[in-house]
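Structure at a glance
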Amino acid sequence: MNRILVFVDNDRGIVSPSALEALTPARALADSLGAALELVTVGDRGRAALEPVGPSGYVISHPVLSDYAPEAYGEALAQLVSDKAFSVVLSLGDDRGAEVMAHLAAVLDQPLVANVTEIVDTEGPHGSWEVIRVRWGGSLLERARVRSSLKLLTIAPHTFCAPEADGEAGRFTTFVPEIPDSLARTRVVERVKLAEGLTLATAPVVVSGGRGVGSAENFAVLEELADLLGGVVGCSRVATNNGWRPHSDQVGQTGTRIAPDLYIACGISGAVQHWVGCMASKQILAINTDPEAPLVTKADYAVIGDLHEILGAVIAEIKART
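The rules behind each value
- Chains are numbered independently. Their residues run from 1 in the order of the written sequence.
- With pLDDT at 70 or above as the cut-off, local features in this predicted model cover only qualifying residues; side-chain atom pairs require 80 or more to be listed or tallied, and sums for whole chains, interfaces and linings still use all residues.
- Calculated side-chain values reflect all of the structure's heavy atoms, with hydrogen atoms and water omitted.
- By definition, two strands form a pair when at least two bridges between them are found by DSSP.
- A helix here means a DSSP run of H or I that spans at least four residues, while a strand means a run of E at least two residues long, and both kinds are numbered starting from the N terminus.
- Axes here refer to lines fitted to C-alpha atoms; in helices the fit is confined to the stretch in contact. Angles between the N-to-C directions go from 0 to 180 degrees.
- In this analysis, two residues are considered to be in contact whenever any of their non-hydrogen atoms come within 4.5 Å of each other.
- Delimitation of the domains relies on an automatic or database domain assignment.
- Summed over both partners, the accessible surface that disappears when two parts come together, traced with a 1.4 Å probe, is what is meant by buried area.
- When a carboxyl oxygen of Asp or Glu is within 4 Å of a side-chain nitrogen of Lys or Arg, the pair counts as a salt bridge.
- We define a polar contact as two N or O atoms separated by no more than 3.5 Å, with the added condition that, inside protein, one atom must be a possible hydrogen donor and the other a possible acceptor, whereas residues neighbouring each other in sequence contribute only through side-chain atom pairs.
- Nonpolar residues are Ala, Val, Leu, Ile, Met, Phe, Trp, Tyr, Cys and Pro. Charged residues are Asp, Glu, Lys and Arg, and all others, Gly as well, are polar.
- Exposed residues in this analysis have more than 50% of their type's maximum accessible area, buried residues have under 20%, and partly exposed residues fall in between, with area computed by a 1.4 Å probe over protein chains only.
- For a helix, the expected span equals 1.5 Å multiplied by the residue count minus one.
- Side-chain rings of Phe, Tyr and Trp (the six-membered ring for Trp) are treated as a pair once their centres are within 6.5 Å; stacked means planes under 30 degrees apart, edge-to-face means over 60, and tilted covers the remaining angles.

Okay, the sheet that holds strand β12 (residues 262–266) next. Across a sheet, strands are paired by hydrogen bonds formed along the backbone, either parallel or antiparallel in direction. Taken together, the five strands give an open sheet; going across it, the order is β11-β10-β12-β13-β14, and neighbouring strands pair in parallel fashion. In the strand order of this sheet, the two ends are held by β11 (232–235) and β14 (301–304), each with one partner. This sheet shows a mean twist of 20 degrees between the axes of neighbouring strands, independent of strand direction. Sheet contacts for helix α5 (residues 220–229): β10 (205–209), β11 and β12; angle to β10, the most-contacted strand, approximately 175 degrees. Where helix α9 (residues 307–321) meets the sheet, it contacts β12, β13 (283–288) and β14, and its direction lies at approximately 130 degrees from that of β13.

Printed below as a string of C-alpha cells:
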C-alpha cells in the first residue's frame with residue numbers, strides 16, 4: 001500500500017500557515033491513490049502545533065535537532081522514510097523545506113522534483129508520474145515525468161491554500177534517529193533579532209517603488225501610503241542598486257517573494273525577476289507612465305500617470321475618509 005509522508009517544518013514550535021500548503025495536494029493525492037497520509041515534523045515543540053491539523057504521524061527527536069540543522073534533518077527523514085517504507089514524500093518548497101528535501105534526496109540517492117504546481121497523472125507506465133513544475137524563476141512551466149520508485153516532491157509556495165483542520169486531533173509517534181556528530185556542523189546556534197512587526201513576507205499590503213520613484217527621498221510618499229494602509233514598503237532591484245533602499249526591501253527572484261492581499265507597484269516596469277517575486281499577490285495595482293510596461297499589462301488594475309501626483313491624491317483621499 002502506498003504511504004504518503006508530508007514534512008511540515010516548524011520554527012521552535014511555530015508552524016507558519018504556508019507550511020501547511022503542501023497538505024492540500026497531499027490529501028488529494030492520498031484520495032486518488034487510496035493511500036495513507038501521515039505528517040512528520042522535528043522536535044517536541046512541533047507536536048503541539050501539528051496535533052490540531054488532523055492527520056497523524058511522527059515527531060523526530062534527537063539532541064542535535066534542538067534547532068534547525070538541515071543536514072541532520074535530511075538524515076533523520078531518510079531513516080524514517082526507509083524504516084516505515086514511505087513511497088511518497090512531499091514538503092512545501094520554501095527555503096527550509098527545499099533545503100531539507102534536497103538533503104533527503106541526496107542521502108537516499110533519489111531524484112527530487114522541485115516546485116511542483118500540479119500532479120497530472122499517477123498511473124503512468126511502470127509507476128511513473130507526470131507533474132507540472134515551475135522553472136526559470138517562474139517564467140516557465142515544465143511538464144515532466146517522474147520515474148523513480150520513491151517520489152520526492154516540493155510544492156511551489158503559494159500554489160495551494162492551506163486546508164481546514166480535520167476536527168480530530170492527530171496522534172504522533174516519536175521517532176529517534178541515529179545522527180552522526182558530524183552532521184551538527186550545519187545548524188542554527190545563534191539568532192539575532194533584525195526587525196519587529198510586519199515584514200515583506202507577512203504584510204497584507206506592500207507598496208513598492210522602482211526607477212520611476214527617482215530618488216531615496218521620494219520614497220517618503222510610498223512610506224506614508226504604506227503606513228496608512230497598514231503595510232510596508234518594498235522596492236525593485238534598480239532601487240536597491242541605486243542605493244535608494246536596502247536589499248532587505250527588494251521584491252523579486254533575488255529578493256523576497258511575497259503574497260500580500262494588495263501589491264502596489266509604483267514606477268516599476270516589471271522585469272521577469274520582479275514578477276517572480278510578486279506574482280502570488282492577491283491583487284496587483286500598477287502605477288506607471290508607460291501603458292505597455294510588463295507589470296502594467298499583467299496587473300489587475302493600472303493607473304497611467306505620474307506616480308507622485310497619483311499617490312498624493314490617493315493619500316489625500318484616504319485621509320479625507322478616516
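Resuming the write-up.
Right, let's talk about the domain arrangement of the protein chain for a bit. Annotation of the protein chain at the domain level lists domain 1 (3–186) and domain 2 (205–321). Each partner contributes to the interface: domain 1 provides four residues, whereas domain 2 provides eight residues. Of the roughly 400 Å² buried between domain 1 and domain 2, counting both surfaces, carbon and sulfur atoms make up 69%. Here domain 1 and domain 2 share zero salt bridges between them. On the surface where domain 1 and domain 2 come into contact, there are zero residue pairs in polar contact (both at pLDDT 80 or more). Residues that form the side of domain 1 that touches domain 2 fall into these classes: no nonpolar, four polar and no charged.

A few words now on the environment of L153. With respect to the helices and strands, L153 occurs in strand β8 (residues 151–155). In the structure, L153 is positioned 117 residues away from A36 in sequence and 17 Å away in space, judged by C-alpha atoms. Sequence-distant contacts of L153, that is, excluding residues within four places in its chain, are made with V88, V89, L90, S91, M101, L112, V113, V116, I119, W129 and V131.

Below, the discussion takes up the pairing of β8. With five of five residues buried, β8 lies mostly within the body of the structure. By the alternation rule, side chains of β8 split into K151, L153 and I155 and L152 and T154, which are all buried. Pairing geometry for strand β4 (residues 88–92) and β8, over five bridges, is parallel. Paired with V89 across the bridge in β8 is L152. Sheet topology places strand β5 (residues 112–121) next to β8; three bridges connect them, and they run parallel. In the strand pairing of β8, L112 is matched with L152.

Turning to helix α3 (residues 70–84), a few remarks are in order. Side chains that are three or four residues apart share a direction in an α-helix, a result of its 3.6 residues per turn. Taking 1.5 Å of rise per residue, 15 residues should cover 21 Å, and α3 covers 21 Å from first to last C-alpha, within 8% of that figure. Counting buried residues in α3 gives eleven out of 15 residues, a clear majority hidden from the surface. Looking at the buried residues of α3, the elements they touch are β1 (3–7), β2 (36–42), β3 (57–60), β4, α4 (95–108) and β9 (172–175). Looking one or two places after α3, you find A85, whose phi comes out positive at around 60 degrees.

Attention shifts here to the side chain of S236. Mapped onto the elements of the fold, S236 is located in the loop between β11 and α6 (237–241). A relative accessible area of 7% means that S236 is categorised as buried. Ignoring sequence-local partners within four residues, the contact set of S236 consists of G209, G210, R211, Q250, I268 and H274.

In this section: the packing of aromatic side chains. For the structure shown, the criterion picks out three aromatic pairs. Pairing F7 with Y73 gives two aromatic rings, centres 6.3 Å apart and planes at 80 degrees, and the pair type is edge-to-face. One end of the pair, F7, is in strand β1; the other, Y73, is in helix α3, with 66 residues separating them in the sequence. Looking at F7, the relative accessible area reads 1%, which means it is buried. Residue classification places Y73 among the buried positions, given a relative accessible area of 3%. Between Y68 and Y73 the ring centres are 5.3 Å apart and the planes differ by 85 degrees, which places this aromatic pair in the edge-to-face class. The same class applies to Y68 as to Y73, namely buried.

In this structure the tally under the stated criterion is 15 salt bridges. A salt bridge links D83 to K84; the shortest N-O distance between them is 3.3 Å. Taking the relative accessible area as the measure of exposure, K84 reaches 26% and is therefore partly exposed. As a salt-bridge pair, E224 and K319 come within 2.6 Å of each other at their nearest N and O atoms. Of this pair, E224 sits in helix α5 while K319 sits in helix α9; the two residues are 95 residues apart in sequence, bridging distant segments of the chain. Three or more residues are tied together by salt bridges with common partners; here these are D121, E130, R143 and R145.

Next up on the list: the sheet that holds β5. Across the sheet, which stays open at both edges, the nine strands sit in the order β7-β6-β5-β8-β4-β1-β2-β3-β9 with mixed pairing between neighbours. Because the sheet does not close on itself, it has two edges, and the strands there are β7 (140–146) and β9. Across this sheet, the average inter-strand angle for adjacent strands is 35 degrees, counted without regard to direction. Sheet contacts for α3: β1, β2, β3, β4 and β9; angle to β1, the most-contacted strand, approximately 165 degrees.

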